[in-house]
Amino acid sequence: MSKLTLISEALNRVIDNKEILKEESYQIFEESQRNSFELYKTSQILRNKYKGTSVTYSRKVFFNLINLCRDTCSYCTYKSEPGQSKISMMSKHDVQNLAKLGKTHKCTEALFVTGERPEQKYQEARTWLKENGFTSTAEYLIHASEIALSEGLFPHTNAGNLTKSEMNELKKTNVSLGLMLENSSMRLSQSGMPHESAPSKHPKARLRVLKDAGELGIPITTGVLIGIGETAFEIIDSIYAIKEIHKKYGHIQEIIFQNFQPKLDTRMKNIPSPEEKYFKTLVALARVIMPEMNIQIPPNLSPDTYASFLSVGINDWGGISPLTPDYINPEFSWPSIDTVAKNSLKAGFELKARLPVYPEFFSFVHPDLKYIISEGTDSEGFVKTEYQK
Ligand code: SF4
């Protein structure tokens, strides 16, 4: 590749494998508001250098285990109240049946999602747990993960702020965990802001869980939510907060960039989703700040333009389900995997199926799970084709 010389000194340094400071990232963001060419070009070069010509996804089943939640985020339509038609409280039997169905659809990931410790707020949740033989949602998650694993799926749990001992138990069955940072700014937890009534979204609490996962050697997916009233600099700060933890523990396997979408039944129903240029610029900056990181955008949230994000640094589409809806964004159905494959190919990238743990993190996984992983994956760590269609 011929050497590209950019006007931006900082971007030239990134191409030469040097890190850039947060202040330089702020400047790059500001400059890219006038002209984004250099930033986008750099993100492309880095993406191709570290991630080659493929883009990955994970074929998943979404287990909406319980959607009662102790907290309230102003943008959330996932959370249910008792008596609402959207409430979900899956029994062990439901978990087993859905896992079996997922297997018939060639899914490999069991994504377990719950609200934040619903038993702390709702009698209904405590009764549901008791009926199933548990005293906490985390205890139930451990059991539900065992069921999914026994049915041949790989569990990945995203259940809010878990304790270190809960995560240590989940590590026995979960190949990775998930926890969106959302944003590292305390400002978003202040009065009138989206996390005002969600103590679990306090950045200190979230960063603590990410660090605990690092101490336990658990691969974890995290991410930022774009367009909820933050500033661009607060997103950049969030990327650096994730980077700092990853530098210490090396366990952050992926950063999701999720574009906010307003929901009719929420306080933020009249807030528009972020402009695509703003969204893309932050995605490209993330590639520049962490050149080797796996960076994901959900294709269903940018249904007409997702493939264009392949030219600003992303290398993953996250979990896509051929079977279950996206309960977090139920108005956005998943594109078919064939369509994603075609659109990726048109943009010059081959779609590959991965497990909910990226190949470069297999060494982190609990020893009991390594054999099952090796059985289902090829020499590069991607899902063997015979397990796909
Ligand atoms: S986003 Fe998560 S923590 Fe916030 S209200 Fe919804 S389920 Fe609860």
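The rules behind the values
Residues numbered from 1 in each chain as written. Predicted model: local features only at pLDDT ≥ 70, side-chain atom pairs only at ≥ 80, totals over all residues. Helix = DSSP H or I, 4+ residues; strand = E, 2+ residues; numbered from the N terminus. Rg over C-alpha atoms; globule rule 2.2 N^0.38 Å. Contact = placed C-beta atoms within 7 Å. Near = placed C-beta within 6 Å. Nonpolar A, V, L, I, M, F, W, Y, C, P; charged D, E, K, R; others polar. Expected span 1.5 Å × (residues − 1). Buried ≥ 20, exposed ≤ 12 C-beta atoms within 10 Å, placed from the backbone. Arc of directions from axis to C-beta. Core = buried A, V, L, I, M, F, W, Y, C linked by C-beta atoms within 7 Å. Pairing = 2+ DSSP bridges. Right-handed = clockwise from strand over helix to strand, strands pointing away. Axes fitted to C-alpha atoms, helices over the stretch in contact; angles between N-to-C directions. Parallel < 35°, antiparallel > 145°, perpendicular 65-115°, else oblique. Left-handed = near helix turned anticlockwise from the far one by under 90°.

Trainee: Tell me about the overall build of the protein, and name the residues and values.
Mentor: Per the secondary structure count, the protein includes 12 helices and 9 strands. The C-alpha atoms of the protein give 20 Å as radius of gyration, which agrees with the globular expectation for 389 residues (21 Å, within 12%). Projected onto its principal axes, the C-alpha coordinates of the protein cover approximately 65 × 50 × 40 Å. Expressed as a percentage of contacts within the protein between residues at least 6 apart in sequence, the contacts between residues at least 24 apart total 75%.

Trainee: I'd like a description of the site of the ligand, backed by residues and values.
Mentor: The immediate surroundings of the ligand are formed by Cys69, Asp71, Thr72, Cys73, Cys76, Tyr78, Lys79, Gly115, Glu116, Gly160, Ala198 and Ser200. Tallied by class, residues from the shell around the ligand come to 5 nonpolar, 4 polar and 3 charged.

Trainee: Provide a residue-level description of the environment of proline 325, including the pertinent values.
Mentor: Following the sequence through the fold, proline 325 ends up in the loop between strand E8 (316-320) and helix H11 (337-346). Taking C-alpha positions, proline 325 is 28 Å from histidine 202, a pair spaced 123 residues apart along the chain.

Trainee: Describe in detail helix H4 (residues 92-104), supporting the description with residues and values.
Mentor: Between its first and last C-alpha atoms H4 spans 19 Å; for 13 residues at 1.5 Å apiece the expected length is 18 Å, and the two agree. Along H4, the residues classified as buried are Val95, Leu98, Ala99 and Gly102. Looking straight down H4, one finds its buried side chains confined to an arc of 105 degrees; they lie on one side. Residues of H4 that are exposed and angled more than 90 degrees away from the buried face: His93 and Thr104. Against strand E1 (54-66), strand E2 (109-114) and helix H6 (137-150) lie the buried residues of H4. Of the residues trailing H4, lysine 106 is marked for its positive phi of about 60 degrees.

Trainee: Account for unusual backbone geometry, with residues named and values stated.
Mentor: At lysine 106, a position not held by glycine, the phi torsion is positive, near 60 degrees. Here lysine 106 lies in the loop between H4 and E2. Residue classification places lysine 106 among the partly exposed residues on the basis of 16 C-beta atoms within 10 Å. Non-glycine residue arginine 117 carries a positive phi angle of around 30 degrees. Here arginine 117 is to be found in the loop between E2 and helix H5 (123-132).

Trainee: So what's going on with the nonpolar core? Residues and values would help.
Mentor: Counting residues in each nonpolar core, the largest one holds 101 residues, and the members touching the most others are Phe63, Phe257, Val283, Leu285 and Ala286. By residue number, the principal contributor to this core is helix H10 (residues 276-289), which donates 8 residues. When neighbours within four sequence positions are excluded, leucine 285 is seen to be in contact with Ser25, Ile28, Phe29, Leu39 and Ile236.

Trainee: So what's going on with helix H3 (residues 37-51)? Residues and values would help.
Mentor: Its 15 residues give H3 an end-to-end C-alpha distance of 21 Å, which sits within 8% of 21 Å, the value for a rise of 1.5 Å per residue. Every buried residue of H3 is accounted for by Leu39, Thr42, Ser43, Ile45, Leu46, Arg47 and Lys51. Phi for glycine 52, located one or two positions after H3, is positive at around 65 degrees.

Trainee: So, the pairing of strand E6 (residues 252-259): which residues are in play, and what are the values?
Mentor: Burial runs high along E6: 8 of the 8 residues are buried. As paired strands, strand E5 (residues 220-226) and E6 are joined by 7 bridges and run parallel to one another. Residue pairing across strands places threonine 222 opposite isoleucine 255, the latter belonging to E6. Once you follow E5 into helix H9 (residues 232-249) and on to E6, the crossover reads as right-handed. As defined by bridge partners, E6 adjoins strand E7 (residues 295-296) across 2 bridges and the pair is classed as parallel. Paired with isoleucine 255 across the strands is isoleucine 295, a residue of E7.

Trainee: Kindly report on the packing of H3 against H10, identifying the contributing residues and their values.
Mentor: Packing of H3 against H10 leaves a shortest axis separation of 9 Å and a crossing angle of 50 degrees. The angle between the axes of H3 and H10 places the two elements in the oblique class. In terms of crossing hand, the pair formed by H3 and H10 is left-handed. In contact with Leu39, Tyr40, Thr42, Ser43, Leu46 and Arg47 of H3, H10 contributes Thr281, Ala284, Leu285, Arg287 and Val288. Of the residues assigned to the contact of H3 with H10, the class counts are 6 nonpolar, 3 polar and 2 charged.

Trainee: For the packing of H9 against H10, give the residues involved together with the corresponding values.
Mentor: As a packed pair, H9 and H10 sit with axes 11 Å apart at the nearest point and diverge in direction by 30 degrees. In this view, H9 runs roughly parallel relative to H10, as classed from their interaxial angle. Handedness of the crossing formed by H9 with H10: right-handed. Here Ala232, Ile235, Ile236, Ile239, Tyr240 and Lys243 of H9 lie close against H10, whose contacting residues are Tyr278, Leu282, Leu285, Ala286 and Ile289.

Trainee: Give a detailed account of the environment of lysine 130, specifying residues and quantitative values.
Mentor: Counting through the fold element by element, lysine 130 comes out in helix H5. For the pair lysine 130 and threonine 266, spaced 136 residues apart in sequence, the C-alpha to C-alpha distance is 31 Å.

Nothing here speaks to function; it is all geometry.
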